Amino acid sequence: MKKTVTRLADGRELLYYDARDDVTRDAVDRRPLDAVATASEIRRDPLLGDSVAVASHRQGRTYHPPADECPLCPSREGRLSEIPDSDYDVAVFENRFPSLAGDSGRCEVVCFTSDHDTSFADLSEDRAALVLAAWTDRTRELSLLPSVQQVFCFENRGAEIGVTLGHPHGQIYGYPFTTPRTALMLRSLAEHREATGRNLFDDVLADELAGERVVLAGEHWVAYVPYAAHWPYEVHLHPRRRVPDLLALDEDARAEFPRIYLELLKRFDRIFGEDAPPTPYIAAWHQAPVDEPGREEFALHLELFTIRRTSGKLKFLAGSESGMNVFINDVPPETAAERLREVAST
């Protein structure tokens, strides 16, 4: 992998990740951009103890542009984009409309491919491996920033999720705090260790491997629908060897990941039938916070889920979910796992 670091016209950082070492990236951003002005602020809820990012500048962000004005496509004569070069493999840049910025963290955009009319599931295994390398590199770099406590790599796919740009891409958030969801996991880990002397993630994975909810198992990765899945179709993907973050994955796990993950994404698109529109989903990497006590107990994993519960129907977060954070799942996890096994690639 070759990494090239440059700057956009307004000073934001842009990084190219190329599979070939002989690629030269010297294109200059010729857009007349003003310096980015952000107003991101973190406010702590005194009752719940969690944090809310207030970012009013995001109201003016790009919203469903036509394909010929996509800001994530390569630049061409007469159409200058966030990517100055005429082509790229994987590109990462600072978000122009970040939810977190400065002392409040950092937000980056990850473009998986220059091809506008494709998706992550359509990538080759080599390209998926390059994206994994980019995620890992950005985790390393963002973890060194004094304003970042936890690095979160994720992809939102589909208009139903709220995606405003159709180009295949994801994001990386560098939070200035440990997120509430991770804090709950760390608390459960500590309680389980105190009660049993064992690691909770290890015990959960062992239970799932012995059960009926395993969807896909490789030599180094295991994918299963969790016992208490919150979403209609939800899969957790774990490396068999517990590690706290992407940086700690060994070469064998890195080599196998593209095949396993691409197969999972292809199955998600077949859940509701071959003629159904692409399945909207969120793919979220859970990594240990940078310097949290007990981080070595944490298990890196990816959670993949869709808000579509059946063909043409979405799972809305209504009163119980939004008001009290108590999820009600319409699809039994065992049924979801069986369906995801049925739609395996032949």
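Use the structure listed above.
Calculation rules
Residues numbered from 1 in each chain as written. Predicted model: local features only at pLDDT ≥ 70, side-chain atom pairs only at ≥ 80, totals over all residues. Heavy atoms only, no water. Helix = DSSP H or I, 4+ residues; strand = E, 2+ residues; numbered from the N terminus. Polar contact = N/O pair within 3.5 Å; in protein donor to acceptor, adjacent residues only side chain to side chain. Contact = heavy atoms within 4.5 Å. Pairing = 2+ DSSP bridges. Axes fitted to C-alpha atoms, helices over the stretch in contact; angles between N-to-C directions. Salt bridge = Lys/Arg side-chain N within 4 Å of Asp/Glu carboxyl O. Buried < 20%, exposed > 50% of the residue type's maximum accessible area, 1.4 Å probe, protein only. Parallel < 35°, antiparallel > 145°, perpendicular 65-115°, else oblique. Nonpolar A, V, L, I, M, F, W, Y, C, P; charged D, E, K, R; others polar. Disulfide = S-S within 2.5 Å. Arc of directions from axis to C-beta. 1 Å grid on protein atoms, 1.4 Å probe; cavity = no way out; pocket = protein on both sides within 12 Å on 5 of 7 lines; lining within 4 Å. Points joined across faces, edges and corners; volume = space filled by probe spheres on them.

Trainee: Just to check I follow, could you spell out the side chain of glutamate 321 for this structure?
Mentor: With respect to the element layout, glutamate 321 can be found in helix α5 (residues 319-324). A distance of 2.6 Å separates polar atoms of two side chains, one belonging to glutamate 321 and the other to lysine 315. Setting aside residues up to four positions removed in sequence, glutamate 321 forms contacts with Lys315, Phe316, Val326, Phe327 and Ile328.

Trainee: Before we go on, may I ask you to explain the sheet that holds strand β8 (residues 169-175) in this structure?
Mentor: The pairing of strands in a sheet comes from backbone hydrogen bonds and takes either a parallel or an antiparallel form. Ordered by their spatial adjacency, eleven strands build an open sheet running β1-β2-β5-β6-β8-β7-β12-β13-β11-β10-β9, and the pairing between neighbours is antiparallel. Edge positions in the sheet fall to β1 (2-7) and β9 (214-217), since each has one partner strand and no second. Neighbouring strand axes in the sheet, compared pairwise and without regard to direction, differ in orientation by 20° on average. Note that strand β6 (residues 106-111) and β8 share six bridges and pair antiparallel. The partner of cysteine 111 across the bridge, within β8, is histidine 169. Helix α1 (residues 125-143) rests against β1, β2 (13-18), β5 (90-94), β6, β7 (150-157), β8 and β12 (281-286) of the sheet, and its axis sits at about 140° to β2. Across the face of the sheet, helix α2 (residues 180-196) comes into contact with β7, β12 and β13 (301-306) while running at roughly 125° to β13.

Trainee: Would you explain the pattern of salt bridges in this entry?
Mentor: Oppositely charged side chains can pair when the atoms bearing their charge come close. Throughout the structure, instances matching the rule amount to 32 salt bridges. Taking the shortest distance from any N to any O, the salt bridge between aspartate 29 and arginine 31 comes out at 2.9 Å. Classification of arginine 31 as buried rests on a relative accessible area of 12%. Between glutamate 342 and arginine 339 there is a salt bridge, with its nearest N and O atoms 3.3 Å apart. Placement of both glutamate 342 and arginine 339 in helix α6 (residues 333-342) is noted, with a separation of three residues, approximately one turn of the helix. Classification of arginine 339 as partly exposed rests on a relative accessible area of 24%. If you follow the salt bridges from partner to partner, you end up with Lys3, Arg7, Glu13, Glu94, Arg106, Glu108, Asp137, Arg138 and Arg140 in one network.

Trainee: Whenever I open this one, the pairing of β7 confuses me. Can you help?
Mentor: Of all the eight residues making up β7, seven are buried; the element is thus mostly covered by neighbouring parts of the structure. Pairing geometry for β7 and β8, over five bridges, is antiparallel. Bridged to phenylalanine 154 within β8 is glutamine 171.

Trainee: Would you mind showing me how to read the packing of α2 against helix α3 (residues 200-209) here?
Mentor: Relative orientation and spacing of two packed helices are given, respectively, by the angle between their axes and the distance between those axes. Where α2 contacts α3, the axes come no closer than 9 Å and their chain directions differ by 90°. When the axis of α2 is compared with that of α3, the two are roughly perpendicular. Contacts between α2 and α3 involve Met185, Ser188, Leu189 and His192 on the former and, on the latter, Leu200, Phe201 and Asp203. Of the residues contributing to the contact of α2 with α3, the split by class is four nonpolar, two polar and one charged.

Trainee: What exactly am I supposed to notice about the state of the cysteines here?
Mentor: All told, the structure shown has zero disulfides when counted by the stated rule. Among the cysteines around cysteine 70, which has no disulfide bond, cysteine 73 carries the closest sulfur, lying 3.8 Å off. Taking the relative accessible area as the measure of exposure, cysteine 70 reaches 3% and is therefore buried. Free cysteine cysteine 111: the closest other cysteine sulfur is in cysteine 70, separated by 7.8 Å. When its relative accessible area of 0% is taken as the criterion, cysteine 111 is described as buried.

Trainee: What is the right way to read α6 from this model?
Mentor: Every α-helical turn comprises 3.6 residues, leaving residues that sit three or four positions apart pointing alike. For α6, the full list of buried residues reads Pro333, Ala336, Ala337 and Leu340. Viewed end-on, α6 has its buried residues packed into an arc of 100°, placing them on one side of the element. Each element contacted by the buried residues of α6 is listed here: β9, β11 (233-239) and α4 (251-268).

Trainee: Sorry if this is basic, but what is going on with the layout of surface pockets here?
Mentor: Gaps left between atoms show up when a probe the size of a water molecule is rolled over them. For the second largest pocket, the calculated volume is near 340 Å³. Sorting elements by how many residues they give to the lining of the second largest pocket places β7 first, with three residues. Considered class by class, the residues forming the lining of the second largest pocket number ten nonpolar, ten polar and five charged.

Trainee: Got a minute to help me understand the environment of arginine 267 in this structure?
Mentor: Locating arginine 267 in the fold gives a position in helix α4. The class for arginine 267 is buried, based on a relative accessible area of 5%. Spatially, the C-alpha atoms of arginine 267 and leucine 340 are 6.3 Å apart, while their sequence positions differ by 73 residues. Apart from the residues lying within four places of it in its own chain, the contact partners of arginine 267 are Val215, Leu216, Leu340, Arg341, Val343 and Ala344.

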